[in-house]
Amino acid sequence: MKLPFFTLFTIGRSGTGLAACAIATLAAASAQAVPLTSFKDKGIDHIFGSYAPIGDCSKEPRVTLSETGMTFRANGRKLKPPRVEYALTFMGQSYDGITAVFFPFPANSNDFGRVVMFVNDNEKRGVIRFDADLPPSQRPDPFHAAFTGGGLFTLCNGSAPSGTPAPPRPEAAMAVQGIPAEWSNLASLVGKYPGSYAQDNIDLFDKGTVAAALKAQMGPKMAVLQTNLSVVTPLQRAGNYYYLSGNGPHQGGVEQAYLMIDPRRRLVQVGLWERGKLTVYPPATGGRLPVAPEIKKMLDNSPPETAVPLPGTPWEVVPVQGRAPIAFVSAAASPNIQALSLYCESGKSFMAMLLNKPSGDNAMTMTWNFSGRLVNIPVQRANAVGTQWIGGLTGTQLVSLLMQQSGTVMLRINGRLEGEASLDNSTAVLRNTMRGCARL
């Protein structure tokens, strides 16, 4: 436990200042989700069409969006949900981009299901991504898995309304023999991929001097590295260094890796994420290699070396001198959130969030996602550098959901995935710490 975190709780002890401001500016307790039984006249006809991996609608899985709703086909089965949930505030209260988020397989009015569907994913028109909204240890429904495991779905040619262009189809992959990566031939391999699926692919894991160096450095983790580079970039160059990065299938941010190569000194460096925690394997001599700008960007957007691995640690009661104790939990596999805490202040309930790096924002929306039941907490900066944040909980269901649910809860900031938090021991801890300001 890091004591500086608790300086946050000295703010607004009289009910004024930032704590009172957080109550006054609390805008919403739960995300707005609209149940839709039809898409007619809903203003979303621009997303109509059929989508499939690499835009090939002659195969399954595929999904069709039309006035009548969504139709899913996979494993020889056709499913048309009678209702889907349109998550209007999933990306945050102030989001104004083109990505639309749906829960296509709701279980009931209180449970939005285990699949999240992003249409125009990553602000790219004609692209759909499906996420499995469940803990990594829980196995998905086979029909749902056909979509969450299908990669990116792109708009099929001719399936969109008139005037909507279909994205180009990627070329089919070919299995060919790999070229061993040597210290002397890396320049000629730039732009080529490791693996057995691309023309003139690179052999990074079996033959060649680079593979030998990786095996010596990684030892028993070599198999994990290879798995976590299953979906991988081509080899690239930055100055005198060569690099690539990737992740396990649909495991970006949790099971992923990067590789830096210095051919002049015959050194390699690996960054390996397992269960959302980064471990760096630097060269045995000379210190860590400087990372390329693209790898730096990956590091900035991924859980750091200090991250707690999934599934996280149990909730704790933490005493604070001169005031009531607080309920504390570490975030797991989060790029930015280090810890979360709930506490009572002047009869009101609050949430504090500690980030592992500064943020330049003045306000954000922090979301707790309980398998589709979303609780949005507007938070405000609580220190000058932007690592401590606070938001009021009055009128929200957060405490009751934390006490009722089990497993883990997914976390988001402004709609961006921020790992998970364990729910282990949450009921006992919250009963101990929140009885003075929340209904238990």
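For the structure itself, look to the data block above.
Every value quoted in this text rests on a predicted model; they were computed, and no experiment measured them.

Engineer: Quick rundown of the packing of aromatic side chains? Include the residues and the values.
Structural biologist: Counting across every chain of the model gives 13 aromatic pairs. Consider the rings of phenylalanine 105 and phenylalanine 143, whose centres lie 6.3 Å apart with planes at 75°: the pair is edge-to-face. In this pair, phenylalanine 105 is assigned in the loop between β7 (100-103) and β8 (115-119) and phenylalanine 143 in helix α2 (residues 142-148), connecting sequence segments 38 residues apart. One exposure class covers both phenylalanine 105 and phenylalanine 143, and it is buried. Within the aromatic cluster, the residues linked to one another by ring pairs are Phe72, Phe105, Phe130, Phe143, Phe147 and Phe153. Sitting over the ring of phenylalanine 143, arginine 77 keeps its end group 4.6 Å from the ring centre. Lying over the aromatic face of phenylalanine 118, arginine 129 brings its terminal NZ or CZ to 4.2 Å of the ring centre.

Engineer: Talk me through the state of the cysteines; I want residue IDs and the actual numbers.
Structural biologist: Tallied over the entire structure, the rule returns two disulfides. Across the disulfide from cysteine 57 sits cysteine 156; the S-S distance is 1.9 Å. Between cysteine 57 and cysteine 156, the S-S dihedral sits near 80°, and the bridge is therefore right-handed. Pair noted here: cysteine 57 is in the loop between β2 (49-53) and β3 (62-66) and cysteine 156 is in the loop between β10 (153-155) and β11 (179-180), with a separation of 99 residues, a long-range link.

Engineer: Run through the side chain of serine 426, naming residues and quoting values.
Structural biologist: Here serine 426 lies in helix α8 (residues 426-433). Given a relative accessible area of 1%, serine 426 falls into the buried group. A polar contact is formed between the side chain of serine 426 and the backbone oxygen of leucine 402, at a distance of 2.7 Å.

Engineer: Give a description of the sheet that holds strand β25 (residues 388-392) that names residues and reports values.
Structural biologist: The nine strands lie next to each other as β19-β20-β21-β22-β25-β24-β23-β26-β27, forming an open sheet whose pairing is antiparallel. Each of the sheet's edge strands pairs with one partner strand only, and the pair in question is β19 (316-320) and β27 (416-422). Going across the sheet, the axis of each strand differs from the next one's by a mean of 30°, ignoring polarity. Relative to strand β26 (residues 408-413), strand β23 (residues 363-370) is paired through four bridges, and the arrangement is antiparallel. Paired with asparagine 369 across the bridge in β26 is methionine 410.

Reading the values: rules and limits
Residues numbered from 1 in each chain as written. Predicted model: local features only at pLDDT ≥ 70, side-chain atom pairs only at ≥ 80, totals over all residues. Heavy atoms only, no water. Phe/Tyr/Trp six-rings, centres within 6.5 Å; stacked < 30°, edge-to-face > 60°. Helix = DSSP H or I, 4+ residues; strand = E, 2+ residues; numbered from the N terminus. Buried < 20%, exposed > 50% of the residue type's maximum accessible area, 1.4 Å probe, protein only. Lys NZ or Arg CZ within 6 Å of the ring centre and 35° of its normal. Disulfide = S-S within 2.5 Å. Polar contact = N/O pair within 3.5 Å; in protein donor to acceptor, adjacent residues only side chain to side chain. Pairing = 2+ DSSP bridges. Axes fitted to C-alpha atoms, helices over the stretch in contact; angles between N-to-C directions.

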